[in-house]
Amino acid sequence: MQAGVLASAPADAAELIRRAGALIFDVDGTLAETEELHRQAFNHAFARHGLDWQWDRAVYKGLLRVTGGKERMRAYQQSLRISLPLRDEDIAALHRIKTVHYAKLVETGCCPLRPGVIQLLAAAKARGQRLAIATTTSRGNIDALLSQALGTNWAAEFDAILAGDDVRHKKPAPDVYLETLVRLKLDPSSCVAIEDSANGLAAASRAGIPVLITRSMFFADDDFSAARAVLDDLSELGSARQEN
Ligand code: XBP
Ligand code: MG
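All of the points below concern the structure found in this document. (Residues numbered from 1 in each chain as written. Chains lettered and ligands numbered in written order. Predicted model: local features only at pLDDT ≥ 70, side-chain atom pairs only at ≥ 80, totals over all residues. Heavy atoms only, no water.)

1. Considerations on the overall build of the chain
The helix and strand inventory of the chain stands at 9 helices and 6 strands. Relative to the 2.2 N^0.38 estimate, which gives 18 Å for 244 residues, the radius of gyration of the chain is 18 Å and therefore close to what a compact globule would have. Its C-alpha atoms give the chain principal-axis dimensions of about 55 × 40 × 30 Å. A sequence separation of at least 24 residues applies to 67% of the contacts in the chain between residues at least 6 apart. Summing over all exposed atoms, the chain offers an accessible surface of approximately 10,900 Å²; the carbon and sulfur share of this is 52%. (Helix = DSSP H or I, 4+ residues; strand = E, 2+ residues; numbered from the N terminus. Rg over C-alpha atoms; globule rule 2.2 N^0.38 Å. Contact = heavy atoms within 4.5 Å. Areas by Shrake-Rupley, 256 points an atom, 1.4 Å probe, with all protein chains shown as cover.)

2. As for unusual backbone geometry
A cis amide bond, omega 10°, links Lys171 with the succeeding residue Pro172. With respect to the helices, strands and loops of the structure, Pro172 is situated in the loop between β3 (160-162) and α8 (175-184).

3. Regarding the site of ligand 1
Around ligand 1 lies a shell of 19 residues, among which Glu35, Gly69, His95, Lys98 and Thr135 are the nearest. Contacts to ligand 1 include Asp28, whose backbone N or O atom sits 2.9 Å from an oxygen atom. Between Ser138 and ligand 1, the recorded distance is 3.4 Å, taken from a backbone N or O atom to an oxygen atom. When the free accessible area of ligand 1 is taken as 450 Å², the share hidden by the protein chains comes to 96%. Looking at the shell around ligand 1, the elements that each hand over two or more residues are α2 (35-48), α4 (69-80) and α5 (88-106). (Near = heavy atom within 4 Å. Polar contact = N/O pair within 3.5 Å; in protein donor to acceptor, adjacent residues only side chain to side chain.)

4. Considering the coordination of the magnesium ion (ligand 2)
For a metal bound by four donors in a tetrahedral arrangement, the ideal donor-metal-donor angle is 109.5 degrees, while six donors in an octahedral arrangement ideally sit at 90 or 180 degrees. Here the magnesium ion (ligand 2) is held by Asp26 (OD), Asp28 (O) and Asp196 (OD), and the distances to it run 2.2 to 2.3 Å. All donors of the magnesium ion (ligand 2) come from a single chain, and their spacing in sequence reads D-x1-D-x167-D. A residue is classified by how much of its surface remains accessible, and Asp28, at 10% relative accessible area, is buried. (Donors = N, O, S within 2.8 Å, 3.2 Å for Na, K, Ca; no water. Buried < 20%, exposed > 50% of the residue type's maximum accessible area, 1.4 Å probe, protein only.)

5. Overview of the environment of Ala207
Within the secondary structure, Ala207 is located in the loop between α9 (198-206) and β5 (211-214). As a C-alpha pair, Ala207 and Leu181 span 26 residues in sequence and 8.7 Å in three-dimensional space. Aside from chain neighbours lying at most four places away, what touches Ala207 is Pro174, Tyr177, Leu178, Leu181 and Pro188.

6. Description of the pairing of strand β2 (residues 130-134)
Of all the 5 residues making up β2, 4 are buried; the element is thus mostly covered by neighbouring parts of the structure. As paired strands, strand β1 (residues 22-25) and β2 are joined by 4 bridges and run parallel to one another. Across the sheet, residue Leu23 finds its bridge partner in β2, namely Leu131. Here β2 pairs with β3 via 3 bridges, running parallel. Within β3, the position partnered with Ala134 by the bridge is Leu162. Between β2 and its parallel partner β3, the chain crosses via helix α7 (residues 139-150), and the hand of that crossover is right-handed. (Pairing = 2+ DSSP bridges. Right-handed = clockwise from strand over helix to strand, strands pointing away.)

7. Description of the side chain of Thr67
Of note, Thr67 is situated in the loop between α3 (57-63) and α4. Of the residues examined, Thr67 reaches a relative accessible area of 15% and is grouped as buried. Within polar-contact distance, the side chain of Thr67 engages the backbone oxygen of Lys171 at 2.5 Å. With near-sequence residues (within four places) excluded, Thr67 lies in contact with Arg72, Thr136, Lys170, Lys171 and Asn199.

This is the structure:
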């Protein structure tokens, strides 16, 4: 546990969830532990493109401070300082290869939704709460993950779905959350954002939305002191995952 961070008791978190008019979900690391698959897909793209780049988990953990796969590759390339800068079309081509491979990995079913996610989605719907997605990843990646986990009609469950390229500035900028609030026509205080990273916490907080953190593989030691509640995963929500 991060020193000084009082993870609110699950009961407080459950109350925060039950009272919300809408739950706004981050995707990578929150709905599922997908970053390990993203990392493998990036390495596949580098090999296919003839680059001698290979991101191990330690390197990738540092690179995840940069949100957005295209931006992450650009940041890595700039950190090398030795090679010619990749052209935008090279970055785009690499990202296309990576995204295709990521979908293939997800479609194997090897990356299930995290504990408590499906039950919380169902309980929220039963309570009449609105559901939304606000993510930095691409729409295609959301579709690959949630088609696999929830079926091809998954999008019908959500009142708003905002992906990385739908806004000008990615997290930690608040853009994706501000646009989600516009689509939902709700005040930030009547929503709860469910996130896994400091960048996601900053983005939602800057939009005025209270944040529930679920710790994930690559961000477990981020500073979450600004969060309203910090859980290991959504299964800790107990009754808030039931329909009453
Ligand atoms: C996580 C991200 C994404 C993924 C990679 O998004 O920052 O960039 O790491 O996906 P979030 P792309 O936690 O907001 O869901 O390569 O499609 O960017
Ligand atoms: Mg995330």
